[in-house]
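# Understanding the architecture of this molecule
Given next are the chains, with one letter for each unit.
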Amino acid sequence: MFSKFSSIIQHAVDALAPQLSLQEEFVHHWKAITSFFIDNKGEKIPVEQTNLGAHVEQMLVLLQREAEGGDGGSYGPCLEYLLQHKLLDTLYSLGRTDYPPGMKQIVLSFFTRLLSRVRQPLLAHVNVYRAVQRLIKTCGEVKAGPTEIEEIQFLCTVCAKIKADPYLVNFFLEAPKSTSSVSSPPGEGLNSEDKLQQDFPLVKTLLALSNSEDSRVAVKACEGLMLCSSLPDPVAAHCLLNSTQFCHDLTRRLINTYRRLPSQVNPIDLEHVQAKWGLEVVTQREDEGAFPGRRQLVSFLSWLDYLDQLSSIANPIVAEALARNIHQHFLTTMFKPDLMQMSETGCITATAYMNRCLRTVCSQRLLSELVLFLLGDDRKPETPADSGDSLCARLIQRCSGVSEEMSLVTLQLFDTLLQKDDEHIVHNLVLRNLEARAYYNPPAKTKSSRITDTKSSTQCQNNIVIDSSNNNVCQSSTVEYDTDSKSDSKNHNSPSESQKTTESLSDKCSEIQEPDRTDKSCLNEDTDKGDDKPRDGLNESMEGDAPDIEQKVGIPGIEISPFSTPQHVKTEVHKVVNSFLTLLPEELKSSYQTADSGYDMYLKDANKQFSAMLESCKSWGYPADPTCTPSDGAQSAQFYEGAFLKMVLDRLTHLLDQSYPINLQLTSVISRLALVPHPCLHEFLLDPFLSMQPGTRNLYTVFLKISNEIKAQFSSEPNLGMHLVRVRKKLMGTGSTLQKLRDMALPGTVRVDSESRLEAIIVFEEFCKELSAIAFVKHHAAVTQDK
């Protein structure tokens, strides 16, 4: 009561007193603060019962009013008085002792508002940054202390100021005590080695507060760490790593959250968990319907998301060190034993966790460490005698294991890997064994062809002339087609019909990429203008006798691939499309009885996915054409696809004997590989006319084997068409493409019965359409790029 009465009297006196200048009023409030400590020595009065808070508040108001009235560059008299008389050092001492109780909160609030509201640059002044640095060290000393909120607000303000002017970080790096000098500015007089070992108290304090039980304080501390780690100064980055436990503390927290995860979890549940750092809010409804361990899973994924965000914006030195620390102490030490264990249930759970981690991670540095952990760093071609003890080899073996659930979750892991923007993934899994083109059997040449072709051993005799006036692609030399066609090319349509179909789809693809584009001259215009068959009945329009695809180069029977040169890609794509679409006999197709008979419905998805893939592969340096010709030694050696591609083709061979989810996941992996714009992988997967070495196989030869097996087993079965239509309508539902079916498929549904074989036929039919669309989109992209 007495303090309130005295305060009223003081305000009355102030009102009746003559008008003072800002500096005089500022000094008055400061002397009132110092007088309190002189008159009240040894008395422990709570700060709320004193006028200290009001005087400090008035000092801040005067400084702010002075800053608003000045020119913004020079210091006013109040600020000059504060700096010359080292008022901040005195306030730090009062806050350090927290006398009277609660004074630390007032001091922290004053420092925070002074730095954030006063426009003049203050942190570079020696009497400011020294007091700020000392006050930083007092923060985080007491866990769950009463001043945590004020402490984190003060620290975040300092971080924001340093982030806005990165040079200021040098004032907050402390030299080792043995080499430090009180009179010298920070960082001066130190050799290069000592500079990298300077202390970084700001980061240490933020690390302490990041473990606060108050989630608001912890989130703010993590934001401050992100600001400090993103500073561009390499000296600050090295000091952060060398003088603090930055990497160790962040990785340890990741390990602790991983240890609390449930030992068994349904992979389906993992697909529906959404976790973002800073948004770990679980409603009561979600909590009631959650599976056991959901909160622990959200906590783990949220912290992983924070590390991913930090790695994406951090200084490259910090990001690399953090990623390596996670690789060494978390992935290798904690995750690898779980992935390599003998328990099937434990392996499935660990693989599902790793798949979810891959989906969460987007930063390039952290993703690279995850990829190296899973696949290794080997880039040399594989051999069948390579050791199968590595983690990657073990995962590939599980894809072909007896357990369908284990195979499914591991295939999903590789499918997620192939969606990531990392060149090493595709190279390690498939390209390192394909780049030498040991699978390719170059066509024999006559004497005349050897004379005309002196620059390349794989160039064909055709010369393609592109007329710039009308953008038509023409052949200047004649191509002879053998009239005795092979058995597997009888279903090809005539050039007129097939080119018309291809041209119509080229228009659709042009509408997807360029809606206003009306130029349809990217293909030959020698089509039959009188053919008015509907565009969506592609299977019906692609029947008839087609000219043989064999081209004579002096020796009969030598087949020239439509994809052997870029020019052939542009003019012969309809043959590739037909080759995939005619693999399944018409009587075994069920799509023609529904509304999704054509493959043009796959064009939009294929175009979108291929455009995204091209954007990702821009910096990977893929050649435009297969430039490597296999040497005699490579031709004599047996071609080996590599463990991953061998597993994929072996799995595909048993398409009819596998469950529906396995087939959907397998085709998803193959389609992602087919989208990669590498010429060797493209011709190996999408070129039906590729001349292969004896005893080798590619995707199309496996397709032929599946087609023959379907014909042999089902061609004579009664009412097969009706059963296929029934199963198709049951499977498709609202989904009309294979990609939509993959999105709707339940990972846990694994069964193999009589109906699953019919499902496999439908998957095979739709997969042929999908690959046809991918081949056509690639063809259209090649034509558009050249134009």
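Residues numbered from 1 in each chain as written. Predicted model: local features only at pLDDT ≥ 70, side-chain atom pairs only at ≥ 80, totals over all residues. Heavy atoms only, no water.

### Re the overall build of the chain
The helix and strand tally for the chain stands at 36 helices and two strands. Considering only contacts in the chain between residues 6 or more positions apart, those separated by 24 or more positions represent 79%. Carbon and sulfur atoms provide 51% of the accessible area of the chain, an area that totals close to 36,000 Å². (Helix = DSSP H or I, 4+ residues; strand = E, 2+ residues; numbered from the N terminus. Contact = heavy atoms within 4.5 Å. Areas by Shrake-Rupley, 256 points an atom, 1.4 Å probe, with all protein chains shown as cover.)

### Quick look at the confidence of the model for the chain
For the chain, per-residue confidence averages 79 on the pLDDT scale, and 73% of positions sit at 70 or higher. Under a pLDDT of 50 for its full length, residues 446-502 has, in the predicted model, 120 contacts with residues more than four places off or in other chains. Here residues 746-752 is modelled with pLDDT under 50, and outside its nearest four sequence neighbours on either side it reaches 16 contacts, counting other chains as well. (pLDDT = per-residue confidence, 0-100.)

### Overview of the nonpolar core
With 213 residues, the main nonpolar core has Phe154, Phe335 and Leu374 as its most contacted residues. Residue contacts for Phe335: discarding those within four places in its chain leaves Tyr258, Phe330, Ala350, Tyr353, Met354, Cys357 and Phe373. (Core = buried A, V, L, I, M, F, W, Y, C linked by side-chain atoms within 4.5 Å. Buried < 20%, exposed > 50% of the residue type's maximum accessible area, 1.4 Å probe, protein only.)

### Regarding helix α34 (residues 720-732)
Here α34 is 13 residues long and its end C-alpha atoms lie 18 Å apart, about the 18 Å a rise of 1.5 Å per residue gives. Along α34, the residues classified as buried are Leu720, Leu724, Val725, Val727, Arg728, Leu731 and Met732. (Expected span 1.5 Å × (residues − 1).)

### Here we look at the packing of aromatic side chains
Taken as a whole and judged by the stated rule, the model has 23 aromatic pairs. Measuring from centroid to centroid gives 6.2 Å for Phe300 and Phe330, while their planes differ by 45°, and the two rings are tilted. Of this pair, Phe300 sits in helix α16 (residues 294-313) while Phe330 is found in helix α17 (residues 316-340), placing the two residues 30 residues apart along the sequence. Considering the side-chain rings of Phe580 and Phe703, the 6.0 Å spacing of their centres and the 85° angle between planes classify their relative orientation as edge-to-face. Taken together, the residues span a long stretch of sequence, with Phe580 in helix α27 (residues 573-581) and Phe703 in helix α33 (residues 699-714) at a distance of 123 residues. Every member of this aromatic cluster is reached through a ring pair, and the members are Phe580, Tyr700, Phe703, Phe764 and Phe767. Over the aromatic face of Trp303 sits the side chain of Arg253, whose NZ or CZ is 3.9 Å from the ring centroid. Lying over the aromatic face of Tyr440, Arg437 brings its terminal NZ or CZ to 4.1 Å of the ring centre. (Phe/Tyr/Trp six-rings, centres within 6.5 Å; stacked < 30°, edge-to-face > 60°. Lys NZ or Arg CZ within 6 Å of the ring centre and 35° of its normal.)

### Quick notes on the side chain of Glu755
Among the secondary structure elements, Glu755 is positioned in helix α36 (residues 754-786). A residue is classified by how much of its surface remains accessible, and Glu755, at 16% relative accessible area, is buried. Dropping the residues within four chain positions of it, Glu755 is found in contact with Arg726, Val727 and Lys730.

### Points about the environment of Phe154
Tracing the backbone shows Phe154 in helix α8 (residues 148-164). Looking at Phe154, the relative accessible area reads 0%, which means it is buried. Put simply, Phe154 and Phe110 are 44 residues apart on the chain and 9.2 Å apart in space, counted from C-alpha to C-alpha. Contact partners of Phe154, with chain neighbours within four places excluded, come to Leu108, Phe111, Thr112, Leu115, Val132, Leu135, Ile136 and Cys139.

### Remarks on the environment of Thr332
Looking at the secondary structure, you find Thr332 in helix α17. As a C-alpha pair, Thr332 and Leu374 span 42 residues in sequence and 9.9 Å in three-dimensional space. Excluding residues that lie within four positions of it along the chain, Thr332 makes contacts with His327, Pro337 and Phe373. A polar atom in the side chain of Thr332 sits 2.9 Å from the backbone oxygen of His327. (Polar contact = N/O pair within 3.5 Å; in protein donor to acceptor, adjacent residues only side chain to side chain.)

### Thoughts on the packing of helix α30 (residues 643-653) against α33
At their nearest, the axes of α30 and α33 sit 9 Å apart, and the two run at 15° to each other. One element, α30, and the other, α33, form an angle in the roughly parallel class. Considering the relative orientation of α30 and α33, their crossing is right-handed. On α33, the residues that touch Leu649, Leu652 and Thr653 of α30 are Leu699, Val702, Phe703, Lys705, Ile706 and Glu709. When grouped by side-chain class, the residues that make up the contact of α30 with α33 number six nonpolar, one polar and two charged. (Axes fitted to C-alpha atoms, helices over the stretch in contact; angles between N-to-C directions. Parallel < 35°, antiparallel > 145°, perpendicular 65-115°, else oblique. Left-handed = near helix turned anticlockwise from the far one by under 90°. Nonpolar A, V, L, I, M, F, W, Y, C, P; charged D, E, K, R; others polar.)

### Thoughts on helix α28 (residues 603-616)
In an α-helix, one turn spans 3.6 residues; hence positions three or four apart end up facing the same way. With 14 residues, α28 should reach 20 Å at 1.5 Å per residue; the first-to-last C-alpha distance of 20 Å fits that figure. Of all the residues in α28, the buried ones are Leu603, Ala606, Asn607, Phe610 and Met613. Mapping the buried residues of α28 onto a view down its axis gives an arc of 130°, with all of them on the same face. Facing away from the buried side of α28, by more than 90 degrees, are the exposed residues Lys604 and Lys608. (Arc of directions from axis to C-beta.)

### Quick word on the packing of helix α6 (residues 103-117) against helix α7 (residues 126-138)
Taken N-terminus to C-terminus, the directions of α6 and α7 make an angle of 135°; their axes are 12 Å apart at the nearest point. Taken together, the axis directions place α6 and α7 in an arrangement best described as oblique. The way α6 lies across α7 gives a crossing that is left-handed. Counting all contacts with α6, which are made through Lys104, Val107, Leu108, Phe111 and Leu115, the residues of α7 involved are Val128, Ala131, Val132, Leu135 and Thr138. Among the residues forming the contact of α6 with α7, the class breakdown is eight nonpolar, one polar and one charged.

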